[in-house]
Amino acid sequence: MFKVLDKLHLSNMYCIAVEGDTQLLKNGVKLIDEKGNTSEIETVAMSNYQNIEDYKKYAELVLHGDIENIGTTLFLNV
């Protein structure tokens, strides 16, 4: 489970800041939110952090898909 912290609209994509086990996130992974909206990870990036271990907990994701009304929680869509 990933908590959506912030989002930024970029043309036809969104950049989403998430909190969770970011080691599970890779390009091409499909996500679904609590509303049933699906999206696919285009890019995973590290976000700003104060503690070196935070890279395992926080990430920035560029997403494609049904993200216009993305929810507050994302799950791996398996």
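Residues numbered from 1 in each chain as written. Predicted model: local features only at pLDDT ≥ 70, side-chain atom pairs only at ≥ 80, totals over all residues. Heavy atoms only, no water.

Remarks on the overall build of the protein chain
So, step 1. Scanning the protein chain from N- to C-terminus turns up 0 helices and 6 strands.
So, step 2. Compactness check: the protein chain gives a C-alpha radius of gyration of 11 Å against a globular reference of 12 Å for 78 residues, within 12% of the reference.
So, step 3. Viewed in the frame of its principal axes, the protein chain has a C-alpha envelope of about 35 × 25 × 20 Å.
So, step 4. Taken across its 78 residues, the protein chain has 31% of its residues classed as buried.
So, step 5. In the protein chain, the share of contacts with a sequence separation of at least 24, taken over all contacts with a separation of at least 6, comes to 57%.
So, step 6. With the model as given, the accessible surface of the protein chain reaches about 4900 Å², and the carbon-plus-sulfur share is 50%.
So, step 7. Both charge centroids of the protein chain, one from 7 positive and one from 12 negative side chains, sit 4 Å from each other. (Helix = DSSP H or I, 4+ residues; strand = E, 2+ residues; numbered from the N terminus. Rg over C-alpha atoms; globule rule 2.2 N^0.38 Å. Buried < 20%, exposed > 50% of the residue type's maximum accessible area, 1.4 Å probe, protein only. Contact = heavy atoms within 4.5 Å. Areas by Shrake-Rupley, 256 points an atom, 1.4 Å probe, with all protein chains shown as cover. Lys, Arg positive; Asp, Glu negative; His and termini not counted. Charge placed at Lys NZ, Arg CZ, Asp CG, Glu CD.)

Considerations on the nonpolar core
So, step 1. Among the nonpolar cores identified, the biggest contains 14 residues, and Ile16, Val18, Leu25, Leu31, Leu61, Leu63 and Leu74 are the most heavily contacted of them.
So, step 2. Elements that contribute at least two residues to this core include exactly β1 (2-10), β2 (13-19) and β5 (58-65).
So, step 3. Once residues lying within four places of it in the same chain are set aside, the contact partners of Leu25 are Phe2, Val18, Leu31, Ile41, Val44, Leu61 and Leu76. (Core = buried A, V, L, I, M, F, W, Y, C linked by side-chain atoms within 4.5 Å.)

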